[in-house]
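Chain residues, written in single-letter form:
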Amino acid sequence: MKFAYRFSGLLGTVYRRGNLSFTRDGSSLVSPVGNRISVFDLKNNKCETFPLATRLNIVCVGLSPDGSLAILIDEDGAALLVSLIGKCVIHRFYFHKPVHSVSFSPDGKKFVITKDNVALMYHAPGKKREFNAFVLDKTYYGPYDETTCIDWTDDSKCFAVGSKDMSTWVFGAERWANLIYYSLGGHKDIIVACFFEENSLDLYTVSQDAALCVWQCDTELDGLKPMPPKDAARKKDAEEDDEELLEEPKGEEIHGKANPNEQETREKVKYSRVAKYFFNKEGDFNNLTAAAYHKKTHLLVTGFASGVFHLHELPDFNLIHSLSISDQRIASISINCTGDWIAFGCSGLGQLLVWEWQSESYVLKQQGHFNSMVSLAYSPDGQYIVTGGEDGKVKVWNTSSSFCFVTFTEHTSGVTAVTFTSNGYVIVSASLDGTVRAFDLHRYRNFRTFTSPRPSQFSCLAVDSSGEIVSAGSQDSFEIFIWSMQSGRLLDVLSGHEGPISSLCFNPMNCVLASASWDKTVKLWDMLDSWRTKETLILNSDVLVVAFRPDGKELAVAALNGQITFWDHENAVQTGSIEGRHDLQMGRKELDKITAKQAAKGKSFTTLCYSADGQSILAGGLSKFVCIYNIKEQILMKKFEISCNFSLDAMEEYLDRRKMTEFGSMALIDEGGGGEDGVAIPLPGVKRGDMSYRHFKPEIRVTCLQFSPTGRSWGATTTEGLLIYSLDSGLLFDPFDLDIDVTPSNIRKTLHQKEYTMAIIMAFKLNEKKLIQEVMEAVPINEVDVVCSSLPDLYVEKVLEFLASAFEISCHLEFYLTWAHKLLMLHGQKLKTRSVKLLPVIQFLQRSIQRHFEDVSKLCEWNIYNIKYALAISQQRGMKRPAEETSVDEDNLDSDSDYLMQEVHKDNLSS
């Protein structure tokens, strides 16, 4: 089995914090998710998370105007220069202080970042080959407090910077004779955003107390005069002298004054406030938290702390519409280049919404689990993943698009376990609210609710291979409840354990249920023999999790002492054990009194999962590592580090001495109380602020692991979200049975001589995907039957695996279906003898074909309906009818067209 699994996607987290940005074409949205970025392709309905990460959570993202580069800056001021085309890191830079915003100039030659009360302008990377990608050009001083926002003029001559000291500063990107800096006041609260008008120096400023100021400039952009050449030459000489003295060239410094004297303002640009508008009605105290402005359409979008957003047309301040999208504060707003779509990010609930304001409809509406995810399960074909969270929600995700397409909210408490039945259309979930619920994926409804005679909290769940028997283990009554899926009746209550039931698992091959408990035993119950205890396996420690091998012949058990033991459950004999406590490699939490090494003695694996072929086992727990063990050799094969985000707790093995004081750890000081605006502990009688609010760092942990039935990927529910790791075959040179004569030119020569079987075998020996595709597609359709019959058994499996992956990307649907059909018909009996080994490949093939079947059948049904509708219309037009009948027919026609519109709407929603 191969272990070249790489990070391929992050599901369940769509937005954390930071600014949202649309790409240049306006069809994709870049969203920061923790310490990674996700790109949502809104036209093709797909999401992709880049395989790169910063050390801490990302707070601001700047995209270059040509759409090829992005600058990602984390909480600490560490920056990554990223290629959006190659999806890789080009350069790393450290700004030494937290950065508030970053923005490229429209011409792409410069970019400005704001930190503390300073704005720094750098030469943008990528225009010429340079050793250092970030070269400082100018440093702008002026504001007295932290800077908050940046906006550029259309021709990149000037930029404006907003500040927490309630002032806005306009700076020249070059030293203009009539504009070096200009300070604007007029507000009574923090500046949230500032925007230039199109091709003008006129400015709009928006403050946190929901006030908008309109500033008019007496000079056009063309009226900016360059500095006299003498001064420029003198300055250049001075800079060159400085460069000789200093090792590192320093940028030019521009110091602004809030109250310049008359001589300095003579013959300079002047601003005057034309109007001031207020968003809130009298008596309202709704803080404005985010704003965005589209220059071409003069559209201003403002978001508020209450989740309301307004659309206004400037400069007349006409309200277009006002809507509420959430009850949490809107943290970020972005408008695409055409001005049609508006993206909103709410960090409180992790919501991401894209709104088309003209049709008043959602383009995208996604939200992850509010609290951490607890469990996951793959559908039998590997196409969908279901997750359950502590927020009581059950969400179903599409693995190919990475979007959640249905959320079930019937549970009133945290969901502890979820699973699919064998047909793949029913999801079963267990919860602490005392219910086990079954959901139908055809009609998206809760069609069964199973309860116990006495209320009990269910901690685990298992459904047998037929999908008929549902079992759930209780935390408080130490009993296992068995229900019938068909009738919904309670069949039996299994008692015998003396501690809380921690895990349940059905044998995939026969009706035997394994139950693990904190009473240090694993009991095996035979469902067909009146639910009697078949066997009791006694262990040395509390049992946390059990898992059957896919062929049902082996049982893996993880206990509290950190051991994974393997049992032959038929004979109740232990066949092996793995001591895995040290492989977990715990981190030390900020407030821990003992070292990570000491804390690891009490830690163990909390989740186990067999690989699809049953040769290895995946294990995870309260740690940032996931381990893969080889069962036969009982050794650690590989460790995956699932996160490098130091914004999470328990990431470091040793405490940072810089955070320790004589009074203890600095983490004890509750810096984050009262949200993002610092400590806000109110006095008695003061309504603002929340005494119960506390800042905490979530701890890194893996709550559930699951291998995909196809064997190509596995998923882990973690503190960060649902991480998917898959085999990336495109980047690997992995030859099979390679010979000295097997070269691309020899393969093409063999193909030219029409020796198709030989060419296919040689192509698989070299194992380059593009070459295999070229050879396969060169085989004529009438020769497929002959080639399939002459293929050696060893290569049949490889051809099937290639076909499964080719279905996902190729447009030659019928051609590859013919290949699959002929192979299975000719070699079906031989493949059946190796069914256990081949099962992942067949399921991968089934998933690919099923997806095409669903897409094509939907399209065909739609076309049939359209043709019928067109025929009905044409028949009705040719008929002459009495007046009464005409009115009836028209009514029917209207209802038909209404139904058609509804169908179109449904189709759009589903896509």
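Here is what the cut-offs are and how they apply
Residues numbered from 1 in each chain as written. Predicted model: local features only at pLDDT ≥ 70, side-chain atom pairs only at ≥ 80, totals over all residues. Heavy atoms only, no water. Phe/Tyr/Trp six-rings, centres within 6.5 Å; stacked < 30°, edge-to-face > 60°. Buried < 20%, exposed > 50% of the residue type's maximum accessible area, 1.4 Å probe, protein only. Helix = DSSP H or I, 4+ residues; strand = E, 2+ residues; numbered from the N terminus. Lys NZ or Arg CZ within 6 Å of the ring centre and 35° of its normal. Polar contact = N/O pair within 3.5 Å; in protein donor to acceptor, adjacent residues only side chain to side chain. Contact = heavy atoms within 4.5 Å. Pairing = 2+ DSSP bridges. Axes fitted to C-alpha atoms, helices over the stretch in contact; angles between N-to-C directions. Parallel < 35°, antiparallel > 145°, perpendicular 65-115°, else oblique. Nonpolar A, V, L, I, M, F, W, Y, C, P; charged D, E, K, R; others polar. Salt bridge = Lys/Arg side-chain N within 4 Å of Asp/Glu carboxyl O. pLDDT = per-residue confidence, 0-100. Core = buried A, V, L, I, M, F, W, Y, C linked by side-chain atoms within 4.5 Å.

## Some points on the packing of aromatic side chains
Evaluation of the coordinates by the stated rule reveals 44 aromatic pairs. When the centroid spacing of 5.2 Å and the interplanar angle of 45° are considered together, the rings of Trp-152 and Phe-159 count as tilted. Judged by relative accessible area, which is 0%, Phe-159 ranks as buried. Look at Phe-640 and Tyr-725: their rings are 5.6 Å apart centre to centre, the planes differ by 55°, and that puts the pair in the tilted class. With a gap of 85 residues between them, Phe-640 in strand β54 (residues 635–641) and Tyr-725 in strand β59 (residues 721–727) connect regions that are remote in the sequence. Note on accessibility: Phe-640 and Tyr-725 belong to one class, buried. Joined through ring pairs, the aromatic side chains of Phe-93, Phe-95, Phe-104, Phe-111, Tyr-122 and Phe-134 make up one cluster. A cation over an aromatic ring shows up here: Lys-639 above the ring of Phe-625, its NZ or CZ 4.5 Å from the ring centre.

## Focus: the side chain of Asn-57
Looking at where Asn-57 falls in the secondary structure, it is placed in the loop between β5 (46–49) and β6 (58–63). One polar contact links Asn-57 to Asn-645, side chain to side chain, over a distance of 2.8 Å. Leave out the neighbours within four places in its chain, and Asn-57 touches Arg-17, Gly-34, Asn-35, Asp-74, Glu-75, Asn-645 and Ser-647.

## Here we look at the environment of Phe-802
Mapping Phe-802 onto the fold places it in helix α9 (residues 793–809). For Phe-802, a relative accessible area of 6% puts it in the buried group. As for Phe-802 and Ile-772, which are separated by 30 residues in sequence, their C-alpha atoms are 8.4 Å apart. Not counting residues up to four positions away in its chain, the partners in contact with Phe-802 are Phe-764, Lys-769, Ile-772, Gln-773, Met-776 and Tyr-816.

## Focus: the sheet that holds strand β36 (residues 426–431)
Ordered by their spatial adjacency, 4 strands build an open sheet running β35-β36-β37-β38, and the pairing between neighbours is antiparallel. Every interior strand has two partners, whereas the edge strands, β35 (415–420) and β38 (445–451), have only one. This sheet shows a mean twist of 20° between the axes of neighbouring strands, independent of strand direction. Note that β35 and β36 share 5 bridges and pair antiparallel. Directly across from Thr-419, in β36, lies its bridge partner Val-428.

## Observations concerning the pairing of strand β25 (residues 308–313)
Relative to β25, strand β24 (residues 299–304) runs antiparallel, the two sharing 5 bridges. Bridging across to β25, Thr-302 finds its partner in His-310. Hairpin remark: β24 followed by β25, antiparallel, with 3 residues in the connecting loop; positive phi at Gly-307, about 90°. When β25 meets strand β26 (residues 318–324), the two strands line up antiparallel, connected through 6 bridges. Each bridged residue has a counterpart across the sheet, and for Glu-313 the counterpart in β26 is Asn-318. Two successive antiparallel strands, β25 and β26, enclose a turn made up of 4 residues, where Phe-317 displays a positive phi of approximately 60°.

## Focus on the environment of Arg-847
Looking at the secondary structure, you find Arg-847 in helix α11 (residues 835–878). For Arg-847, a relative accessible area of 14% puts it in the buried group. Along the sequence, Arg-847 and Asp-381 sit 466 residues apart, while their C-alpha atoms lie 4.9 Å from each other. Not counting residues within four places of it along the chain, the set of residues in contact with Arg-847 comprises Asp-381, Gly-382, Gln-383, Thr-399 and Glu-808. Here the side chain of Arg-847 touches Gly-382 through a polar contact of 3.1 Å, landing on its backbone oxygen.

## So, the side chain of His-91
Inspection of the secondary structure assignment puts His-91 in strand β9 (residues 88–94). A relative accessible area of 19% means that His-91 is categorised as buried. What His-91 contacts, discounting residues up to four positions off in sequence, is Ala-79, Leu-80, Leu-81, Asn-132, Ala-133 and Phe-134.

## A few points about the packing of helix α6 (residues 756–766) against α9
When two helices pack together, their arrangement is captured by the angle between the axes and the distance separating the axes. Close contact between α6 and α9 brings their axes to 11 Å; oriented N to C, the two are set at 75°. Judged by the angle between their axes, α6 and α9 are roughly perpendicular. Along its contact with α6, which presents Ile-760, Ile-761, Phe-764 and Lys-765, the element α9 presents Tyr-795, Lys-798, Val-799 and Phe-802. Looking at the contact of α6 with α9, its residues break down into 6 nonpolar, no polar and 2 charged.

## What to know about the pattern of salt bridges
Following the criterion strictly, the structure yields 19 salt bridges and no others. Here Lys-822 makes a salt bridge to Asp-785, at a shortest N to O gap of 3.8 Å. Of this pair, Lys-822 sits in helix α10 (residues 813–833) while Asp-785 is found in helix α8 (residues 784–790), placing the two residues 37 residues apart along the sequence. Here the salt bridges share partners, and the residues they tie into one network are Lys-110, Asp-137, Lys-138 and Glu-174.

## As for the confidence of the model for the protein
Per-residue confidence for the protein gives a mean pLDDT of 83; residues scoring 70 or more make up 86%. Below pLDDT 50 for its whole length, residues 729–733 participates in 8 contacts with residues either more than four positions away or in separate chains.

## Here's the deal with the sheet that holds β54
Within a sheet, each strand pairs with its neighbour through backbone hydrogen bonds, oriented either parallel or antiparallel. Across the sheet, 4 strands lie side by side as β51-β52-β53-β54; this open sheet has antiparallel pairing. Both edges of this open sheet fall to β51 (605–610) and β54, since each of them pairs with a single strand only. Pairwise comparison of adjacent strand axes, ignoring direction, gives a mean angle of 25° for this sheet. Strand direction decides the pairing type here: strand β53 (residues 625–630) and β54, joined by 6 bridges, are antiparallel. From the neighbouring strand, Cys-627 faces β54, where its bridge partner is Lys-639.

## Some words on the nonpolar core
Ile-760, Val-799, Leu-803, Trp-819 and Leu-823 are the most contacted members of the largest nonpolar core, which totals 39 residues. If you list the elements that add at least two residues to this core, you get α5 (744–752), α6, α7 (769–778), α8, α9, α10 and α11. Counting residues per element, this core draws most heavily on α9, at 9 residues. With 24 residues, the next largest nonpolar core counts Leu-56, Ile-628, Ala-650 and Phe-707 among its residues.

## Description of the packing of α7 against α9
In the contact formed by α7 and α9, the axes pass within 12 Å of each other and the chain directions differ by 95°. What the angle tells us is that α7 and α9 run roughly perpendicular. Contact with α7, carried on its side by Lys-769, Ile-772, Gln-773 and Met-776, involves Val-799, Phe-802, Leu-803 and Ser-805 of α9 and no other residues of that element. The class makeup of the residues in the contact of α7 with α9 is 5 nonpolar, 2 polar and 1 charged.

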